[in-house]
Amino acid sequence: MIGFLRGKAVRIQVDFCLLDVHGVGYQVYIPNSTRAKLRLNEEVTLHTYLNVYQDGLTLYGFYTEEEYDLFLLLIAVSGIGPKVALGILSSITVDGLCKAIQNKQTKVLTNLPGIGKKSAERLILELKDKVAFAQKDEEVLTLERQDAVGDDTVSEAVAALSALGYSQSEIAPAIQKAANCKTTEEMIKRALKELSHL
């Protein structure tokens, strides 16, 4: 098993990067949140998972241990393979996904790629007690105006912004400033306006 790789990102694509590790180029599939952290020709360390299957090998890489740990939990759920798990982590933040699972937000989960109602129910059943590592002090999770905005609205807005390639650290303050918005569409528009000033 290849536990991690440290090297220069010599190529960055939508769903993978090429890491030059001492002259050897590793193709590593990555979620949007990890891609947002990479800089061309700069050194990075990625926590990796090597998927072995009949026709070959595929490497998946993650910038944080939390992403890596959640990826392992996801692929342990029946019907969730590495590609689906990567798609999920590209569409929602670690904290957003953990919160959706803990609060049994089926609607949020079924909006994720590759997740239907039955898969969402399995995720909740099998992982709700295993995602305690989610950061409780994350700004997205502690919006003061819970009377004005629901959990689904926040989670859906976070998922949409994450899918656009924004990192969790960028999304959190933008969502915080959009707390007064009452619909997902309003929240996304306000957050994008805040993010455009960065």
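Keep in mind that what you see is a predicted model, and the values were worked out from it rather than measured.

1. Some remarks on the pattern of salt bridges
Oppositely charged side chains can pair when the atoms bearing their charge come close. The tally for this structure, following the rule as stated, stands at two salt bridges. Put simply, Lys128 and Asp129 hold a salt bridge, and the shortest N to O gap is 3.6 Å. Of the residues examined, Lys128 reaches a relative accessible area of 29% and is grouped as partly exposed. With a relative accessible area of 65%, Asp129 lands in the exposed category. For Glu194, the salt bridge goes to Arg190, with nearest N and O atoms at 3.3 Å. On the criterion of helical spacing, the pair formed by Glu194 and Arg190 is a turn pair, its members being four residues apart in helix H9 (residues 184-195). Classification of Arg190 as partly exposed rests on a relative accessible area of 34%.

2. Quick notes on the sheet that holds strand E5 (residues 56-62)
The five strands are arranged E1-E2-E3-E5-E4 in a closed barrel whose pairing can be described as mixed. Direction aside, the axes of adjacent strands within the sheet are offset by 55° on average. Strand direction decides the pairing type here: strand E1 (residues 4-12) and strand E4 (residues 43-53), joined by five bridges, are antiparallel. Residue pairing across strands places Leu5 opposite Leu46, the latter belonging to E4. With respect to the sheet, helix H2 (residues 65-75) is in contact with E4 and E5, its orientation differing from that of E4 by roughly 10°.

3. Digging into the confidence of the model for the protein chain
Per-residue pLDDT for the protein chain averages 84, and the proportion of residues at 70 or more is 88%. Contacts from residues 135-149, a stretch scored under 50 in pLDDT, to residues over four places away or in other chains number 34 contacts.

4. What to know about the packing of aromatic side chains
One pass over the full model with this rule turns up six aromatic pairs. Here Tyr29 and Tyr60 contribute two aromatic rings whose centre-to-centre distance is 6.1 Å and whose plane-to-plane angle is 40°, an arrangement assigned as tilted. Of this pair, Tyr29 sits in strand E3 (residues 24-29) while Tyr60 sits in strand E5; the two residues are 31 residues apart in sequence, bridging distant segments of the chain. With a relative accessible area of 26%, Tyr29 lands in the partly exposed category. Tyr60 gets classed as buried once you look at its relative accessible area, which sits at 3%. Residues Phe62 and Phe71 carry aromatic rings whose centres are separated by 4.7 Å and whose planes lie at 45° to one another, so their mutual orientation is tilted.

5. Quick notes on the packing of H2 against helix H4 (residues 94-102)
Between H2 and H4, the least distance of the axes is 10 Å, while the angle of their chain directions is 40°. Taken together, the axes of H2 and H4 lie oblique to each other. For H2 against H4, the interelement crossing comes out left-handed. When H2 is examined against H4, the residues Glu66, Glu67, Leu70 and Leu74 are found in contact with a partner set consisting of Val94, Leu97 and Cys98. Taken together, the residues of the contact of H2 with H4 sort by class into five nonpolar, no polar and two charged.

What counts as what
Residues numbered from 1 in each chain as written. Predicted model: local features only at pLDDT ≥ 70, side-chain atom pairs only at ≥ 80, totals over all residues. Heavy atoms only, no water. Salt bridge = Lys/Arg side-chain N within 4 Å of Asp/Glu carboxyl O. Buried < 20%, exposed > 50% of the residue type's maximum accessible area, 1.4 Å probe, protein only. Helix = DSSP H or I, 4+ residues; strand = E, 2+ residues; numbered from the N terminus. Pairing = 2+ DSSP bridges. Axes fitted to C-alpha atoms, helices over the stretch in contact; angles between N-to-C directions. Contact = heavy atoms within 4.5 Å. pLDDT = per-residue confidence, 0-100. Phe/Tyr/Trp six-rings, centres within 6.5 Å; stacked < 30°, edge-to-face > 60°. Parallel < 35°, antiparallel > 145°, perpendicular 65-115°, else oblique. Left-handed = near helix turned anticlockwise from the far one by under 90°. Nonpolar A, V, L, I, M, F, W, Y, C, P; charged D, E, K, R; others polar.

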